[in-house]
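The residues making up each chain are set out below.
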Amino acid sequence: MNRTTVSLIAGTAALAAVTGFATLSSPEAAGTARTAAELPVERTSLLCPQPSTSDIAETSYTSFTPVTKDVGSGGKAELQAAAAESDGKSKSKSEGKSKGKKAGKPVLEPQEPGKPATGDTSGGDAPALVGTAEGKFAPGWTVQETTEVAAGSGRGLQGVNCTAPDTEFWFPGASTAADRTDYVHLTNPDDSAAVVDIELYGKDGALDSTLGEGITVAPHSSDPILLSTLTEEKQENLTVHVNVRSGRVGAAVQALDDKLGGDWLAASTDPSGSLVLPGIPKDATAVRLVAFAPGDADADLKVQLASPSGLITPAGNETLHVKAGMTASADLGDVTRGEAGSLVLTPTDTSVPVVAALRVVRGKGDDQETAFIPATRPVGTRATVADNSAKGTALSLTAPTRGATVKVTASAGSGGGEAVSKTFTLKAGTTQNVEAPTPTGLKGTYALTVEHVSGGPVYGARTLAATEDGVPGFTIQTLPDDRGMVAVPDADEDLSVLQK
């Protein structure tokens with residue numbers, strides 16, 4: 001065995017531990033996955049979009065890292081305003097850019113793993129944030145951004161999990177209708193500019209637009225792109241495709257409605273033949289499904305609701321036909337009928353990859369509010385959501401195919417308290433609004449961590465609710481796997497494979 005080969009193997013393992021993934025490209029190497037070791041990631045990044053331009057907006061941030069075994073004692077985590085340079089100067093190429101605060105003045109100071117840290121801002125000048133975590137702070141790091149807007153377009157509760165940078169995003173459920181004001185927020189964490197294309201797809205296919213091509217996002221900055229400036233067409237249901245030609249960005253859609261409040265629409269999980277959209281509130285008064293098939297083939301989907309008693313088929317909405325390259329929608333009404341529910345989409349025949357999201361409305365008349373649920377990845381090994389309170393938090397878990405057992409841990413509070421854990425068993429095909437634990441002696445907010453113990457895949461979502469002046473403000477965040485652990489092939493096993 002020559003020294004170059006050994007160095008390559010060691011370098012691959014180190015890269016996997018830093019980035020959170022490892023690629024095995026040959027059949028022989030694929031066999032080594034069976035003996036791969038699970039190691040904590042060593043570095044991660046999160047990007048938070050600019051929360052609001054409203055002068056009466058109040059935004060809180062919560063940072064949390066779950067306790068992870070086999071991590072060292074060192075490391076750090078920090079959140080800085082986008083556009084903040086290392087010399088403390090803030091740059092902005094246009095009025096649409098996020099106006100960053102000076103470097104060295106973070107919005108909040110992340111605490112030790114196991115304890116949330118909080119920070120807040122007020123008014124419409126709160127910036128987008130760029131965050132990095134290393135060492136013991138990196139595995140499972142999560143940051144929640146929650147904004148209360150008392151009046152105006154998008155009034156209510158808006159929430160989003162800050163996300164890792166990537167190169168492609170799908171957002172079914174956006175709109176350019178007259179009563180909607182939707183923005184795609186693009187945040188670039190890197191030292192070089194990113195070049196991004198934004199494509200819009202309606203009920204008849206791609207919308208004509210050249211303004212979405214070649215958008216440049218400057219280093220360490222954020223751009224909110226108003227969808228109605230990219231096309232003259234007014235369409236109720238759109239799918240937004242963000243494709244990064246150069247670099248990487250964080251992306252999220254802020255959907256503001258003149259009558260129905262507003263919230264953040266997070267990206268759907270990667271296109272797949274089967275999808276789960278968990279955590280529809282039991283008191284939802286209107287639910288709309290929006291789906292898109294990005295390939296060349298039409299998709300026919302079986303629509304089912306995973307209820308507390310099992311899988312049921314909504315009357316009149318048994319299936320959904322999605323034409324290739326076109327956005328399809330279905331109004332499901334009050335599909336949950338007073339019970340917890342999650343939507344499960346499966347192919348009726350040939351599996352065709354699709355993306356999907358739900359628009360959920362609570363309340364009636366003038367007292368209505370909106371939130372979104374994108375199709376999401378399963379909880380996997382572990383998932384965490386922050387900014388929970390003693391009142392107004394609901395945790396929904398679903399096991400669409402097989403029964404499963406999960407462990408739910410409530411962290412210590414941001415102002416005090418001790419962590420508490422509970423174990424829950426879910427029956428196949430059901431959704432349960434579980435009575436999540438709260439920390440003993442809770443002060444402040446806390447995080448909920450869901451760990452898969454046994455059985456089939458589990459999907460989850462958390463709802464935050466806060467009623468103000470009779471309006472039922474709420475926001476929903478899904479719980480995908482935090483990707484805090486990475487499989488790294490054993491070096492000895494790799495050497496033996498290469499010697500064959």
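Structural data are supplied above this passage.
Heads up: these notes are all about the structure in this document.

Quick notes on the rules
- Residues numbered from 1 in each chain as written.
- Predicted model: local features only at pLDDT ≥ 70, side-chain atom pairs only at ≥ 80, totals over all residues.
- Heavy atoms only, no water.
- Disulfide = S-S within 2.5 Å.
- Helix = DSSP H or I, 4+ residues; strand = E, 2+ residues; numbered from the N terminus.
- Buried < 20%, exposed > 50% of the residue type's maximum accessible area, 1.4 Å probe, protein only.
- Pairing = 2+ DSSP bridges.
- Axes fitted to C-alpha atoms, helices over the stretch in contact; angles between N-to-C directions.
- Phe/Tyr/Trp six-rings, centres within 6.5 Å; stacked < 30°, edge-to-face > 60°.
- Core = buried A, V, L, I, M, F, W, Y, C linked by side-chain atoms within 4.5 Å.
- Contact = heavy atoms within 4.5 Å.
- 1 Å grid on protein atoms, 1.4 Å probe; cavity = no way out; pocket = protein on both sides within 12 Å on 5 of 7 lines; lining within 4 Å.
- Points joined across faces, edges and corners; volume = space filled by probe spheres on them.
- Patch = residues over 30% accessible without salt bridge, like charges linked within 9 Å, V, L, I, M, F, W, Y side chains within 5 Å.
- Areas by Shrake-Rupley, 256 points an atom, 1.4 Å probe, with all protein chains shown as cover.
- Salt bridge = Lys/Arg side-chain N within 4 Å of Asp/Glu carboxyl O.
- Lys, Arg positive; Asp, Glu negative; His and termini not counted.
- Charge placed at Lys NZ, Arg CZ, Asp CG, Glu CD.

Taken as a whole and assessed by the stated rule, the structure comprises one disulfide. Covalent S-S linkage joins Cys48 and Cys162, the inter-sulfur distance amounting to 2.0 Å. Taking the sign of the S-S torsion, 110 degrees for the link of Cys48 and Cys162, the bridge is right-handed. Here Cys162 lies in the loop between strand S8 (156-161) and strand S9 (168-174) and Cys48 lies in strand S2 (residues 43-48), a separation of 114 residues in the sequence. In this pair, the class of Cys48 matches that of Cys162, namely buried.

The pairing of strands in a sheet comes from backbone hydrogen bonds and takes either a parallel or an antiparallel form. Taken together, the four strands give an open sheet; going across it, the order is S5-S3-S7-S8, and neighbouring strands pair in antiparallel fashion. The open sheet has two edge strands with one neighbour each: strand S5 (117-122) and S8. Averaged over all pairs of adjacent strands, the angle between strand axes in this sheet comes to 15 degrees, irrespective of strand direction. Where strand S3 (residues 57-64) meets S5, six bridges bridge the pair, whose relative direction is antiparallel. Directly across from Thr59, in S5, lies its bridge partner Thr121.

Turning our attention to the packing of aromatic side chains. We describe a pair of aromatic rings using the distance from one ring centre to the other and the angle between the two ring planes. Evaluation of the coordinates by the stated rule reveals three aromatic pairs. The interplanar angle of 40 degrees and the centroid separation of 4.7 Å between the aromatic rings of Tyr201 and Phe292 together place this pair among those described as tilted. On the criterion of sequence distance, the pair formed by Tyr201 in strand S11 (residues 194-202) and Phe292 in strand S19 (residues 284-292) is long-range, its members being 91 residues apart. This pair shows no difference in class: Tyr201 is buried, exactly as Phe292 is.

Another point: the nonpolar core. Residues Leu289, Leu343, Leu345 and Leu358 are the most contacted members of the largest nonpolar core, which totals 31 residues. Discounting residues that sit within four places of it in the chain, Leu289 has contacts with Val303, Leu320, Ala328, Ser329, Ala330, Leu332, Leu343, Leu345, Ala356, Ala357 and Leu358.

With that settled, consider empty space enclosed by the protein. In the structure shown here, the tally under the stated rule is three cavities of 30 Å³ or more. Of the volumes computed, that of the largest cavity is approximately 60 Å³. Lining the largest cavity are Leu47, Cys48, Pro49, Val160, Asn161, Thr163, His185, Thr187, Gly250, Ala251 and Ala252. For the lining of the largest cavity, the secondary-structure elements that each account for two or more residues are S2, S8, strand S10 (180-188) and strand S16 (250-257). The element best represented in the lining of the largest cavity is S16, accounting for three residues. Considered as a void within the structure, the second largest cavity measures approximately 40 Å³ in volume. Elements supplying a minimum of two residues to the lining of the second largest cavity: S16, strand S17 (261-265) and strand S26 (367-374). Here the lining of the second largest cavity takes three residues from S16, the largest share from any one element.

This next bit is on a negative patch on the surface. Together, Asp166, Glu168, Glu199, Glu213 and Asp270 make up a region of like negative charge exposed at the surface. Note that Glu199 resides in strand S11. Residue Glu199 is classed as partly exposed on the basis of its relative accessible area, which comes to 32%.

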